[in-house]
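# Remarks on the overall topology
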Protein chains: 2
Amino acid sequence: MARVVVDVMPKPEILDPQGKAVLGALPRLGFVGVADVRQGKRFELEIDGELTDERLAEVNEMAEKLLSNPVIEDFKVSVVA
Amino acid sequence: MARVVVDVMPKPEILDPQGKAVLGALPRLGFVGVADVRQGKRFELEIDGELTDERLAEVNEMAEKLLSNPVIEDFKVSVVA
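Let me begin by describing the structure that accompanies this report.

What counts, and where the lines are drawn
- Residues numbered from 1 in each chain as written.
- Chains lettered and ligands numbered in written order.
- Predicted model: local features only at pLDDT ≥ 70, side-chain atom pairs only at ≥ 80, totals over all residues.
- Heavy atoms only, no water.
- Helix = DSSP H or I, 4+ residues; strand = E, 2+ residues; numbered from the N terminus.
- Rg over C-alpha atoms; globule rule 2.2 N^0.38 Å.
- Buried < 20%, exposed > 50% of the residue type's maximum accessible area, 1.4 Å probe, protein only.
- Areas by Shrake-Rupley, 256 points an atom, 1.4 Å probe, with all protein chains shown as cover.
- Contact = heavy atoms within 4.5 Å.
- Buried area = accessible area lost by both parts, 1.4 Å probe.
- Salt bridge = Lys/Arg side-chain N within 4 Å of Asp/Glu carboxyl O.
- Polar contact = N/O pair within 3.5 Å; in protein donor to acceptor, adjacent residues only side chain to side chain.
- Pairing = 2+ DSSP bridges.
- Least-squares fit on C-alpha atoms with pLDDT ≥ 70 in both.
- Expected span 1.5 Å × (residues − 1).
- Arc of directions from axis to C-beta.

## So, the overall build of chain A
When helices and strands are counted, chain A shows 2 helices and 3 strands. The helix and strand sequence of chain A, counted from the amino end, reads β-α-β-α-β. Taken over the C-alpha trace, chain A has a radius of gyration of 16 Å; the compact-globule value for 81 residues is 12 Å, which it surpasses by more than 25%. With the C-alpha coordinates aligned to their principal axes, the bounding extent of chain A is approximately 50 × 25 × 15 Å. Expressed as a percentage of its 81 residues, the buried residues of chain A come to 42%. For chain A, the accessible area works out to roughly 4,300 Å², and carbon and sulfur atoms hold 55% of it.

## Topic: the interface of chain A and chain B
Of the residues lining the interface, 32 residues belong to chain A; the matching set on chain B comes to 32 residues. Both faces combined, the contact of chain A with chain B buries some 2,800 Å², and carbon together with sulfur accounts for 64% of it. Counting every contact that joins chain A to chain B gives 4 salt bridges. A salt bridge links A:Arg42 to B:Asp7; the shortest N-O distance between them is 3.2 Å. At the junction of chain A and chain B, the tally comes to 16 residue pairs in polar contact (both at pLDDT 80 or more). Listed by contribution, the elements that provide at least two residues to the side of chain A that touches chain B are strand E1 (2–10), helix H1 (17–28), strand E2 (34–47) and helix H2 (53–67) of chain A. The element contributing the most residues to the side of chain A that touches chain B is E2(A), with 14 residues. Two strands pair when backbone bridges link them, and E2(A) and strand E2 (residues 34–47) of chain B are joined in this way by 13 bridges, in the antiparallel orientation. Its bridge partner being in E2(B), A:Val34 is matched across the sheet by B:Ile47.

## Description of the relation of the copies chain A and chain B
Superposing chain A onto chain B takes a rotation of 180 degrees plus a shift of 0.0 Å along the axis, which leaves an RMSD of 0.0 Å. Here the symmetry operator amounts to a two-fold rotation axis. Residue A:Lys41, judged by its C-alpha, is the member of chain A lying nearest the rotation axis, at 2.2 Å. When the interface residues of chain A are mapped onto chain B, 100% of them are again interface residues, pointing to one common binding face.

## A short note on helix H2 (residues 53–67) of chain B
Residues and elements named next belong to chain B. Counted at 1.5 Å a residue, the expected span for H2 with its 15 residues is 21 Å, and the 19 Å between its end C-alpha atoms agrees. The complete set of buried residues in H2 reads Arg55, Val59, Met62, Ala63 and Leu67. Buried residues of H2, seen end-on, are gathered within an arc of 100 degrees and therefore sit on one face of the element. Turned more than 90 degrees away from the buried face of H2 sit Asp53, Glu54 and Lys65, all of them exposed.

Worth remembering: the numbers are spatial, not functional.
Take a look at the structure:
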């Protein structure tokens, strides 16, 4: 069993309303000195069996086809365990 | 300027309907061999000035008070750049 993390973030040029909402709320809670906040998604996948290169390529395909919207989001796949 | 990432995931014992929905969709797209999927949030914060221990403690406080719900979620703070 292997654990793979897929991090999905909005592309830099894309407006990130959720991130802006968090950025706006921080001073109201007394937190200052935060220049920007971006919010995305994090997926933790438990993969059966051994994590071969072929399996890792499949995870990349899952990320592209299901876990992210390639038009507005970037993703990064990392093997954790 | 420092970049800090806050990863927020549902606690293991908490039902994760979003993760289950993704898990259920994978076979329909032809992907097999994924035992479990958990979905959470990822925040990237740009912090002004130097990242002192005090500032890092503040980010932990932000994570606890605003970015996560400590009743159902765990968070992890990591310094990226």
